[in-house]
Amino acid sequence: MSSPQPTRPLPPSELRGHGLLLRAWDPDSADDADAWLRGLTDPEFRRWNTPLRPVDDLAGARRSLRARVALAEEGSTLSFHVADDTDGTPLGHIGIQDIHPVMRVGRIGYWVLPEARGRGVATRAVLLATHWALTEGALHRLELGHAIGHEASCRIATRCGFLPEGTLRDAMFAPDRHDAFRDTHLHARLATDPEPAGP
């Protein structure tokens, strides 16, 4: 019996909606490298996330973005630069990673630049990317995990229709550690779940 051979939809060059433009990151763009560096070195981001490979300078930011491009070409990750759809101001990042085309499952993650917080950017970006992933992107299940205690992320997940499913023990690195762990709160949304109201 042959295994299923899923068709992989082509990733979009851009997504527009809710006042946002989501497009691929460009490793050769000085503005993109600067935004990526600022996002990954922001203290609030580092409070809740510990990158596998820390990014500390522009050269590292470009290497990190090139790695993202390579993963996109493999089909395992999609990474979007989030910008204001009116003037292109960079606002943050949203990605769909750990894409398993046979099981039709993936995991969504995001961050927002400090100056863009408090404007519903994360909620709008999650709604936009999730809608694509569960329709044209052909995924059936999309997971969203956040560190226990990250109440803002918990509210965003709930607002975007991701139902809470429980606690994953020691599923994330502790802040700035690769030798210690912390628990994660898991949410998920299915293609068959009702579409949440807009932002």
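Since we're looking at a predicted model, the values are computed, not measured. (Residues numbered from 1 in each chain as written. Predicted model: local features only at pLDDT ≥ 70, side-chain atom pairs only at ≥ 80, totals over all residues. Heavy atoms only, no water.)

(A) Region of interest: the overall build of the chain. Secondary structure assignment for the chain yields five helices and eight strands. Against the 2.2 N^0.38 benchmark of 16 Å for 199 residues, the chain shows a C-alpha radius of gyration of 16 Å, consistent with a compact globule. Principal axes of the C-alpha set define a box for the chain whose edges measure 50 × 40 × 35 Å. Sequence-distant contacts in the chain: of pairs separated by 6 or more residues, those separated by 24 or more amount to 62%. About 10,600 Å² of surface is accessible on the chain, with carbon and sulfur atoms providing 54% of the total. Averaging the locations of the 23 positively and 27 negatively charged side chains of the chain gives two centres separated by 3 Å. (Helix = DSSP H or I, 4+ residues; strand = E, 2+ residues; numbered from the N terminus. Rg over C-alpha atoms; globule rule 2.2 N^0.38 Å. Contact = heavy atoms within 4.5 Å. Areas by Shrake-Rupley, 256 points an atom, 1.4 Å probe, with all protein chains shown as cover. Lys, Arg positive; Asp, Glu negative; His and termini not counted. Charge placed at Lys NZ, Arg CZ, Asp CG, Glu CD.)

(B) Molecular detail of the nonpolar core. Counting 31 residues, the largest nonpolar core has Leu-22, Ile-94 and Ile-108 as the members making the most contacts within it. Listing elements by their share of this core, those giving two or more residues are β2 (20-24), β3 (78-84), β4 (90-100), β5 (105-112), α4 (121-134), β6 (141-147) and α5 (151-159). No other element matches α4, which puts 10 residues into this core. Apart from residues lying up to four places away in sequence, Leu-22 is in contact with Ser-13, Glu-14, Leu-15, Phe-80, His-81, Val-82, Ile-94, Ala-125, Leu-128 and Ala-129. Judged by nonpolar contacts, the second largest core, of 12 residues, contains Ala-35, Trp-36, Phe-45 and Leu-113. (Core = buried A, V, L, I, M, F, W, Y, C linked by side-chain atoms within 4.5 Å. Buried < 20%, exposed > 50% of the residue type's maximum accessible area, 1.4 Å probe, protein only.)

(C) Representation of the pattern of salt bridges. Under the criterion given, the structure shown has 14 salt bridges. A salt bridge links Asp-176 to Arg-46, with the shortest nitrogen-to-oxygen separation between them at 3.2 Å. Of the two residues, Asp-176 is situated in the loop between β7 (163-173) and β8 (181-190) and Arg-46 in helix α2 (residues 43-48); the sequence distance between them amounts to 130 residues. Under the relative-accessibility criterion, Arg-46 is labelled buried at 17%. Of the charged contacts in the structure, one is a salt bridge between Glu-165 and Arg-141, with a shortest N-O distance of 2.6 Å. Placement of Glu-165 in strand β7 and of Arg-141 in strand β6 is noted, with a sequence separation of 24 residues between them. Relative accessible area serves as the criterion here: at 45%, Glu-165 is assigned to the partly exposed category. Judged by its relative accessible area of 21%, Arg-141 is partly exposed. Through salt bridges with shared partners, a single network forms among Glu-14, Arg-16 and Asp-85. (Salt bridge = Lys/Arg side-chain N within 4 Å of Asp/Glu carboxyl O.)

(D) Seen up close, the packing of aromatic side chains. Within this structure, the stated rule accounts for five aromatic pairs. The interplanar angle of 55° and the centroid separation of 5.8 Å between the aromatic rings of Trp-36 and Trp-111 together place this pair among those described as tilted. One end of the pair, Trp-36, is in helix α1 (residues 30-41); the other, Trp-111, is in strand β5, with 75 residues separating them in the sequence. Each member of the pair, Trp-36 together with Trp-111, is buried. An aromatic cluster is defined as three or more aromatic residues linked by ring pairs; in this entry it consists of Trp-25, Trp-36, Phe-45 and Trp-111. (Phe/Tyr/Trp six-rings, centres within 6.5 Å; stacked < 30°, edge-to-face > 60°.)

(E) Spatial organisation of the environment of Leu-20. By the element assignment, Leu-20 lies in strand β2. In this structure Leu-20 touches Leu-15, Val-82, Ala-83, Asp-85, Leu-91, Val-121, Arg-124, Ala-125 and Leu-128, once residues within four positions along its chain are discounted.

(F) How the structure looks around unusual backbone geometry. The phi torsion at Asp-170 lies on the positive side, around 50°, for a residue other than glycine. Structurally, Asp-170 can be placed in strand β7. For Asp-176, which is not glycine, the phi dihedral falls at a positive 55°.

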